[in-house]
Amino acid sequence: MITKAFKQGLTLAFVLAFLVGCSSTSTTDSDADASTNGVSTGTSGSGSLGSSDGSSAEEQQTLERVVYFDFDQAVLQPETRSILLAHAERLRNSNTTARLEGHADERGSREYNMALGERRANAVRDFLVLQGVSRSSLEVVSYGEERPAVTGSGESVYRQNRRVEINY
Amino acid sequence: MINLTQRLSALPLPILLSVTIHMALVALVAWGWDASNEHKPRIYRPQHIEATLVQLEAKDTAPEAQAQPERQVIDLTRQREIQRAEEARRQREAEARRQQQRDREQKAEAERKQRDAERRRKEEERRRAEAEQARQQAEQQRREEQERQRRVDEAKAQAEARQAAELAASQTQSYMAVMRERIESNWSRPPSARRGMTAELLINLVPTGQVVNVTVVRSSGDAAFDRAAEQAVRRVDRFSELQGMPPELFERNFRQVKLIFSPEDLRL
Amino acid sequence: MRVFIALILCFFTHLASAQLTIEITRGMDNPTRIAVAPLGWNGSRPLPEDISEIVAANLERSGQFSPVPRSNMLSFPTQEADVHYRDWRVMGTEYLLVGNIEQRSGRYFVQYHLFDILGQRKLISAARVDGSPEQLRDIAHHISDRIYETITGIRGAFSTQILYIEGFPGANGTDERYRLMLADADGGRPRMLLESRQPLLSPTWSPDGRRIAYVSFETTRPAVFIQDLATGEREQLTNFTGLNGAPTFSPDGQKLAMVLSKDGNPEIYTLDLRTRDLTRVTNHYAIDTEPSWTADGEGVIFTSNRGGKPQIYKVTLATGRVERLTFDGDYNARGRVSRDGRTLVMVHQRGGVFHIAAQDLQNGDLRILTETNLDESPTIAPNGAMLLYATRFGGKGILAAVSLDAGTRYRLPSKQGNVREPAWSPFFE
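Residues numbered from 1 in each chain as written. Chains lettered and ligands numbered in written order. Predicted model: local features only at pLDDT ≥ 70, side-chain atom pairs only at ≥ 80, totals over all residues.

Okay, the overall build of chain A next. When its secondary structure is counted, chain A shows 5 helices and 4 strands. Ordered by position from N to C terminus, the α and β elements of chain A give α-α-β-α-β-α-β-α-β. For chain A, buried positions account for 40% of its 168 residues. Once local pairs closer than 6 in sequence are excluded, the contacts in chain A between residues at least 24 apart make up 74%. (Helix = DSSP H or I, 4+ residues; strand = E, 2+ residues; numbered from the N terminus. Buried ≥ 20, exposed ≤ 12 C-beta atoms within 10 Å, placed from the backbone. Contact = placed C-beta atoms within 7 Å.)

As structure tokens, then:
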């Protein structure tokens, strides 16, 4: 049961998170990633969510790049929508391509997890395409369970590995 | 016939004598009684020369006649001869009559004796019959007694036999259980073993429990399964627990034993 | 008196009329005690490999044998004349391997006998095997195969090989280097076939053991590669968008089944290796992946979540008819069928734990084989006796083996990196 107060608190938390995200604090990096991390500097910070109160151009570029999923699910969580909308905004307004990398936690069989990772990445792609991003600017790759963000076992670890990373 | 002879030999002496005399008499009469020369005529002078009819008298006056002296001999020779002949005749007749008398008496005697003998014999028979009966009764009783005793013995033997049989049966069961356990703990199933496989083996034992022969009489269809069953028996090698078995039980049941290997505990 | 006897016999009728019969319905499956006597060797220097020890280790790993420790052997016979059955019998030994090895012109020649101690006869008489110095382990595996087959009736798989992936973690703990490895079935003599900084997965053998196929991310996208073991020649077979994965050879070696999502969705395809014709096998919006072939080559087993959660299905290639095979548990994936077509092994999740399970394809019985957690990638030995799989132990990825009746298990010696994705070779004819 989510009380009204809780909902309000959550919204506040998200707004704050965006503010934080728009500021200069570092996000969790997936270091073993071969792809370049850098957020393209070409993107402008105009018109995005919550950026009207004077956040700098660099701060605007570091969006949350990772969206998470439930076990054996490729369904976008409601709370990830706002992240993706931000990315959709960015992609619509530029010529950059993004690589959507899907992942899964270590449980289950490897090739199935490959397919699951791809499903997740596809879910993100489809959402972005719905937001007007051109399909050709999105590349989908799945690493299955091969490239975990965090090693180890247990739900706290697994939860961090069931993800799609948006890399530019 | 035998009985007759037995009877004869048991007859008393008088009867025997009487019969003999009769036989002799018959023989004499049959062949004639001859006044033979060796028979010396007795010369006797009766007191009266007149020829009178001789009365049939039982008494015998011959010896008295003999005692007469020899005085009047000379002129009465012919008379004397006639008298003598007459006398002889009279004597003969008297003798004959006497003899007849004697015969009659003897016959009566004999008959009496015979009747006695008969009576005695009958008595004897009766006595014997009674004795026989008594003996048979005794015999009967003895047999009944024996029979009764035998039935009692039989019942006891039956009960004992039943007990022995039950004991033997339960002993057999427990020896079988021991054998089963020894084999089970040595039966290692091969990887190809599957539920439903069955192999039948025949083993020969000696009283020490030593296995002296193992053969597969019905294969499971899988050579490794059969071999593993044989191997289980070979690993046991000697059912040493069987040494304490009564020998007749061993001979009856354990010389040759059939083993059926039919696993129920396989996962596959 | 006669009556007594008659009565006694009457009571014995139920035992005496039929033969005394004992039913044995259980066993103890104690491993067979075998003594592998050290081979006689007249060389001046010790041999680089102890053949008898390798044979004993092989036989012990199979779970069927319990080798007599060398220290317990009263004597080391090297020829038949030295074998006295009674001495070995007293120790409880059931079988005895005796032999000798000599070197001639640089090559090793072995002669050996196998004695049945309880039956007091020879099962293998003066068998011979020879090899080069590098083949000493192969000689040991060959002898192990012969012993195993003679006693169990099943062909030995000691001379087979395994493929596996070894990942080397970087500083942060996730793998940054990947190697495709080839080793003996006992994990011995590992050699590297390929190394990459990108993920490698799904190695698989061709039925003749000459070629392998696998998935490599070296092009930054997953692609199916095929490689000849003898020559090292390799070729990229696919380059489609989306998934290219899970290759498996058909039983006749002519085709490769795989998963491709080029048409928008992960589906099963078969690729004819000669004509390079691609045939689509499944057509469903769900995830269909991890194909493997049925023993007769007429169907393909695959994982699909078309029913909501991953389960194993079978498609008949001729008709396209799909039927579901697994109904137990929440998650069944990565199915592999045994060569005799009787058993399906898979990753099986129950109560949140991932085990390896075996399902009897005839009666549907399911057996959980492993007690470990996070088990994956089951692969069956060509003789059907054992199954290798990947699991974690001591914080590392290792390979473990279990028999199909779950009665025997062992772990392969752990390697430097995280070992996973084993694939058991076929018999090398």
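Back to the write-up after that little detour.
To continue, consider the sheet that holds strand 29 (residues 396-403) of chain C. Residues and elements named next belong to chain C. Pairing in this open sheet of 4 strands is antiparallel, and the strands run 27-28-29-30 from one edge to the other. Each of the sheet's edge strands pairs with one partner strand only, and the pair in question is strand 27 (376-380) and strand 30 (409-411). Strand-to-strand, the axes of this sheet are offset by a mean angle of 25°, without reference to chain direction. Sheet analysis places strand 28 (residues 386-393) next to strand 29, joined by 8 bridges and oriented antiparallel. Paired with Arg392 across the bridge in strand 29 is Gly397. (Pairing = 2+ DSSP bridges. Axes fitted to C-alpha atoms, helices over the stretch in contact; angles between N-to-C directions.)

With 30 residues of chain C in contact, the opposing surface of chain A contributes 21 residues. For the side of chain C that touches chain A, the elements supplying multiple residues, two or more each, are strand 11 (200-205), strand 15 (244-249), strand 19 (288-293) and strand 23 (331-337) of chain C. When residues of the side of chain C that touches chain A are assigned to their parent elements, the largest contribution, 3 residues, is made by strand 23 of chain C. Of the residues belonging to the side of chain C that touches chain A, the class tally is 13 nonpolar, 10 polar and 7 charged. (Nonpolar A, V, L, I, M, F, W, Y, C, P; charged D, E, K, R; others polar.)

Glancing now at the pairing of strand 2 (residues 32-36) of chain C. Residue and element names in this part refer to chain C. Most of strand 2 is tucked away, with 4 of its 5 residues classed as buried. In this structure, strand 2 lies alongside strand 4 (residues 65-67), joined through 3 bridges in parallel fashion. Residue pairing in the sheet places Thr32 in a bridge with Phe65 of strand 4. Pairing of strand 2 with strand 5 (residues 95-104) involves 3 bridges; the strand directions are parallel. Counted as the bridge partner of Ala35 is Leu96 from strand 5.

With that out of the way, let us pick up the sheet that holds strand 21 (residues 311-316) of chain C. Residue and element names in this part refer to chain C. The sheet built from 4 strands is open, its strands ordered 19-20-21-22 with antiparallel pairing. Edge positions in the sheet fall to strand 19 and strand 22 (322-324), since each has one partner strand and no second. Taking the axes of each pair of neighbouring strands and ignoring which way they run, one obtains an average angle of 30° across the sheet. With 3 bridges connecting them, strand 21 and strand 22 associate as antiparallel partners. For Lys314, the partnering residue across the bridge sits in strand 22 and is Glu323.

Residues and elements named next belong to chain C. Where helix 2 (residues 51-61) meets helix 4 (residues 136-152), the axes come as close as 9 Å, and the angle between the chain directions of the two elements is 45°. As far as their axial angle goes, helix 4 and helix 2 are oblique. The handedness of the crossing between helix 2 and helix 4 comes out as right-handed. Of helix 4, the residues touching helix 2 (which contributes Ile51, Ile54, Val55, Asn58 and Leu59) are Leu136, Arg137, Ile139, Ala140, His141, Ile143, Ser144, Ile147 and Tyr148. When the residues that make up the contact of helix 2 with helix 4 are grouped by side-chain class, the tally is 10 nonpolar, 3 polar and 1 charged. (Parallel < 35°, antiparallel > 145°, perpendicular 65-115°, else oblique. Left-handed = near helix turned anticlockwise from the far one by under 90°.)

Now for helix 5 (residues 223-236) of chain B. With 14 residues, helix 5 of chain B should cover 20 Å at 1.5 Å per step; its first-to-last C-alpha distance of 20 Å lies within 8% of that length. Most of helix 5 of chain B is tucked away: 11 of the 14 residues are buried. Buried within helix 5 of chain B we find Ala224, Phe225, Asp226, Arg227, Ala228, Ala229, Glu230, Gln231, Ala232, Val233 and Val236 of chain B. Considering only its buried residues, helix 5 of chain B is in contact with helix 4 (77-184), strand 1 (199-205), strand 2 (211-218) and strand 3 (256-261) of chain B together with helix 4 of chain C. Just downstream of helix 5 of chain B, Asp237 of chain B is the residue with a positive phi angle, here 65°. (Expected span 1.5 Å × (residues − 1).)

What follows is about the environment of Glu106 of chain A. With respect to the helices, strands and loops of the structure, Glu106 of chain A is situated in the loop between strand 2 (98-103) and helix 4 (110-130). Using a count of 21 C-beta atoms within 10 Å as the deciding quantity, one classes Glu106 of chain A as buried. Each C-alpha atom, one on Glu106 of chain A and one on Asn161 of chain A, is 8.2 Å from the other, the two residues being 55 residues apart in sequence. Aside from chain neighbours lying at most four places away, what touches Glu106 of chain A is Glu145 and Pro148 of chain A together with Leu374 of chain C.

Let us look at the pairing of strand 3 (residues 138-144) of chain A. Residues and elements named next belong to chain A. With 6 of 7 residues buried, strand 3 lies mostly within the body of the structure. Pairing analysis gives 6 bridges linking strand 2 to strand 3, with the strands arranged parallel. Bridge assignment links Leu100 to a residue of strand 3, and that residue is Val140. Each parallel crossover has a hand, and the one from strand 2 via helix 4 to strand 3 is right-handed. (Right-handed = clockwise from strand over helix to strand, strands pointing away.)

A few words on the nonpolar core. Residues Val55, Leu96, Leu97, Met258 and Leu387 of chain C are the most contacted members of the largest nonpolar core, which totals 131 residues. With 8 residues, helix 4 of chain A is the largest single contributor of residues to this core. Excluding residues that lie within four positions of it along the chain, Met258 of chain C makes contacts with Val224, Asn244, Gly245, Ala246, Pro247, Tyr269, Leu271 and Pro291 of chain C. Within the second largest apolar cluster, 21 residues are counted, among which are Tyr175, Ala224, Val257 and Phe261 of chain B. (Core = buried A, V, L, I, M, F, W, Y, C linked by C-beta atoms within 7 Å.)

Right, let's get into the interface of chain B and chain C. Each partner contributes to the interface: chain B provides 42 residues, whereas chain C provides 34 residues. When residues of the side of chain B that touches chain C are traced back to their parent elements, those giving at least two are helix 4, helix 5, helix 6 (247-254) and strand 3 of chain B. In terms of residue count, the dominant contributor to the side of chain B that touches chain C is helix 4 of chain B (15 residues). Along the lines of polarity and charge, the residues of the side of chain B that touches chain C split into 21 nonpolar, 9 polar and 12 charged. Bridging between strand 3 of chain B and strand 1 (residues 21-24) of chain C involves 4 bridges; their strand directions are parallel. Bridge assignment links Ile260 of chain B to a residue of strand 1 of chain C, and that residue is Glu23 of chain C.

Right, let's talk about the domain arrangement of chain B for a bit. Partitioning chain B into structural domains gives domain 1 (85-123) and domain 2 (194-268). The C-alpha-based centres of domain 1 of chain B and domain 2 of chain B are spaced at 105 Å. (Domains from an automatic or database assignment.)

Turning next to the packing of helix 4 of chain B against helix 6 of chain B. A pair of packed helices is captured by two measures, namely the crossing angle of their axes and the spacing between those axes. All names here are of chain B. Helix 6 packs onto helix 4 with a crossing angle of 65° between their chain directions and a minimal axis gap of 11 Å. Between helix 4 and helix 6, the angle falls in the class roughly perpendicular. Every pair of crossing elements has a handedness; the one defined by helix 4 and helix 6 is right-handed. Of helix 6, the residues touching helix 4 (which contributes Ala168, Gln171, Thr172 and Tyr175) are Leu249, Asn253 and Phe254. Its residues assigned to classes, the contact of helix 4 with helix 6 shows 4 nonpolar, 3 polar and no charged.

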